[in-house]
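Commentary on secondary and tertiary structure
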Amino acid sequence: MESERASACRLLFCLLIAAAVLRPGLGWYTVNSAYGDTIIMPCRLDVPQNLMFGKWKYEKPDGSPVFIAFRSSTKKSVQYDDVPEYKDRLSLSENYTLSISNARISDEKRFVCMLVTEDNVFEAPTIVKVFKQPSKPEIVSKALFLETEQLKKLGDCISEDSYPDGNITWYRNGKVLHPLEGAVVIIFKKEMDPVTQLYTMTSTLEYKTSKADIQMPFTCSVTYYGPSGQKTVYSDQAVFDIYYPTEQVTIQVLPPKNAIKEGDNITLKCLGNGNPPPEEFLFYLPGQPEGIRSSNTYTLTDVRRNATGDYKCSLIDKKSMIASTTITVHYLDLSLNPSGEVTRQIGDALPVSCTISASRNATVVWMKDNIRLRSSPSFSSLHYQDAGNYVCETALQEVEGLKKRESLTLIVEGKPQIKMTKKTDPSGLSKTIICHVEGFPKPAIQWTITGSGSVINQTEESPYINGRYYSKIIISPEENVTLTCTAENQLERTVNSLNVSANENREKVNDQAKLIVGIVVGLLLAALVAGVVYWLYMKKSKTASKHVNKDLGNIEENKKLEENNHKTEA
């Protein structure tokens, strides 16, 4: 009986299925899912009261059904059909919602929910769409450089693992590049992985560049469809090295200086404005028609004034493209006449000249013993104070470090010249004798007393300034003497004498002594007379004082008697 009932049920189910296929159902319903997510498909049918069971199926491309899940309304049990691609991926809920985990591209099918009663079959179809976001586009196989006016492959823009396939767009500085014959060529291709069914898109850009593309960024993007609609992902920017020919040549002088002087080293540097810049040039020196082949620099060492002139450089393969510069090598010559150590005699004339030869106007400064002079020295008659160290210094203010100087050490010699003077002290007791000496080298002074030949060592000397100084002695002669002053240097020995008289001094001293003695004797006699007078006076004063005392005593006695009488009467 049970087997017959089961056979009858299966026959009924098949008839109902056939009827359902022939009978139109609900409209189309689409479920969008991201690759790898879980696909959730509601049944979209109201569960009837007399429901026997529910089933899910999908349809093959030829329309034949493949059942994948079954759920009984009475036993509440779920059975999954043995379909390899959905093993362990299906889940059927009590409300007959079907979930498929780990969505794949192959899950893009027409699924149908079927609810079966004893007398009817209800169906609700669902279309599943699976989307896979492609990888971020990347510019690969980039050109190492681009050359102007040449159509050259710039690179490939590639985006992988997309479903469905996307579209690639190129940009220059943010603006879309469209194909342009002879200037922009875009080649697009896509490939599908037979296992994953994911697409890889590749777009190749060939581009004719110009100098306007220097530092310009190039990017690409992929536009694709996802569960929520169309989206676009952009690549990182790529900047390309643009090669272009040299259009201009320039020449520089290194190191850069305001002015070049003799003895400097000069480096000429030639530059071309192309990319890459030229590595070799021809350098043309003044007076040399043939160029010297060198790298982009050429050095001249220890240049002289004859190196002044025009310097040029050009491309090796294009000599007409040339650049030039003018170099002036500054110089400064100084000639001092006479110079070094010069010795002249006092009173001589000495012409001095400092001659300057320079590439520009130079300043001249004279110094004497490190003190600046207001004008250049001129000696028509030399004096001792003219001696010293003279320096003539010149410089070019515009040229750093260009200075010259010469020195003259002037020595003014002279034989000793002597002049003697004397001065008497106001008291008349001493005399100051001064020996004024002039000469160079410094003369040595010696004092002697003529006749005795005695040397006087107790002298006082002044400082030696400008070839002059003096020696001074102070004497009080008791008799007439002759003093001799001797001045001697390497040139000559000079002697001068001066008579010093002692008569006036001695008479004055005797007169003063007599006067003093007379004063002293007079004072002694006056003191003696005063003593005798005083003695006589004192003797006479004592006798008189006795008589006076006696009279005074009698008067006192009379006064006392009168007082006693008055008292008695009373």
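Note: the structure precedes this text.
Values in this document were obtained by computation on a predicted structure and should not be read as measured data. (Residues numbered from 1 in each chain as written. Predicted model: local features only at pLDDT ≥ 70, side-chain atom pairs only at ≥ 80, totals over all residues. Heavy atoms only, no water.)

Here we look at the packing of aromatic side chains
Scanning the model with the defined rule gives 12 aromatic pairs in all. Ring centres of Phe145 and Tyr243 lie 4.0 Å apart, and the angle between their planes is 10 degrees; on these two criteria the pair is classed as stacked. Pair noted here: Phe145 is in the loop between β10 (138–140) and β11 (146–147) and Tyr243 is in strand β20 (residues 242–243), with a separation of 98 residues, a long-range link. Ring geometry for Phe218 versus Phe240: centroids 5.8 Å apart, planes at 75 degrees, classification edge-to-face. Remark: Phe240 occurs in the loop between β19 (238–239) and β20 and Phe218 occurs in strand β17 (residues 217–226); sequence separation between them is 22 residues. The exposure class assigned to Phe240 is buried, which follows from its relative accessible area of 6%. Three or more aromatic residues joined by ring pairs form one cluster here, namely Tyr58, Tyr86 and Phe111. (Phe/Tyr/Trp six-rings, centres within 6.5 Å; stacked < 30°, edge-to-face > 60°. Helix = DSSP H or I, 4+ residues; strand = E, 2+ residues; numbered from the N terminus. Buried < 20%, exposed > 50% of the residue type's maximum accessible area, 1.4 Å probe, protein only.)

Describing the state of the cysteines
Should the sulfur atoms of two cysteines be covalently bonded, the bond is a disulfide. Taken as a whole and judged by the stated rule, the model has five disulfides. A disulfide bridge connects Cys270 with Cys313, and the sulfur atoms are separated by 1.9 Å. As the torsion about the S-S bond is roughly 70 degrees, the Cys270-Cys313 disulfide counts as right-handed. Of this pair, Cys270 sits in strand β23 (residues 266–272) while Cys313 sits in strand β27 (residues 309–315), and the two are 43 residues apart along the sequence. (Disulfide = S-S within 2.5 Å.)

Some remarks on a negative patch on the surface
Residues Glu138, Glu160, Asp161 and Asp193 make up a contiguous surface patch of negative charge. In this structure, Glu160 sits in strand β12 (residues 151–162). By relative accessible area, Glu160 is classed as partly exposed at 38%. (Patch = residues over 30% accessible without salt bridge, like charges linked within 9 Å, V, L, I, M, F, W, Y side chains within 5 Å. Areas by Shrake-Rupley, 256 points an atom, 1.4 Å probe, with all protein chains shown as cover. Salt bridge = Lys/Arg side-chain N within 4 Å of Asp/Glu carboxyl O. Lys, Arg positive; Asp, Glu negative; His and termini not counted. Charge placed at Lys NZ, Arg CZ, Asp CG, Glu CD.)

Brief notes about unusual backbone geometry
In this model, Tyr163 is joined to Pro164 through a cis peptide bond whose omega is -10 degrees. Along the chain, Pro164 turns up in the loop between β12 and β13 (167–172). With an omega of -5 degrees, the peptide bond between Asn337 and Pro338 qualifies as cis. Located in the positive-phi region is Asp88, a residue other than glycine, with phi close to 65 degrees. Among the structural elements, Asp88 can be located in the loop between β5 (78–80) and β6 (90–92).

Here's the deal with the side chain of Thr223
Locating Thr223 in the fold gives a position in strand β17. A distance of 3.2 Å separates polar atoms of two side chains, one belonging to Thr223 and the other to Thr232. (Polar contact = N/O pair within 3.5 Å; in protein donor to acceptor, adjacent residues only side chain to side chain.)

Describing the nonpolar core
Membership of the largest hydrophobic core comes to 51 residues, with the highest contact counts inside it found for Met41, Trp56, Ile68, Leu98 and Phe111. Summarising the domain contributions, this core has at least three residues from each of domain 1 (30–131) and domain 2 (138–243). Contacts of Leu98, omitting those with residues within four sequence positions, involve Ile39, Ile40, Met41, Trp56, Ile68, Ala69, Leu90, Ser91 and Leu92. Counting 19 residues, the second-largest nonpolar core is a separate cluster that includes Ile251, Ile266, Cys313 and Ala323. (Core = buried A, V, L, I, M, F, W, Y, C linked by side-chain atoms within 4.5 Å. Domains from an automatic or database assignment. Contact = heavy atoms within 4.5 Å.)

Some words on the pairing of strand β36 (residues 403–424)
Where strand β31 (residues 340–345) lies against β36, six bridges are found, and the strand directions are parallel. Within β36, the position partnered with Gln345 by the bridge is Glu413. Across eight bridges, strand β35 (residues 388–395) lies against β36 in antiparallel orientation. From the neighbouring strand, Tyr390 faces β36, where its bridge partner is Leu408. Inspection of the sheet shows β36 paired to strand β37 (residues 431–440) by nine bridges, in the antiparallel sense. Within β37, the position partnered with Gln417 by the bridge is Glu438. The antiparallel pairing of β36 with β37 creates a hairpin that spans six residues between the two strands, and Gly428 there sits at a positive phi of about 80 degrees. (Pairing = 2+ DSSP bridges.)

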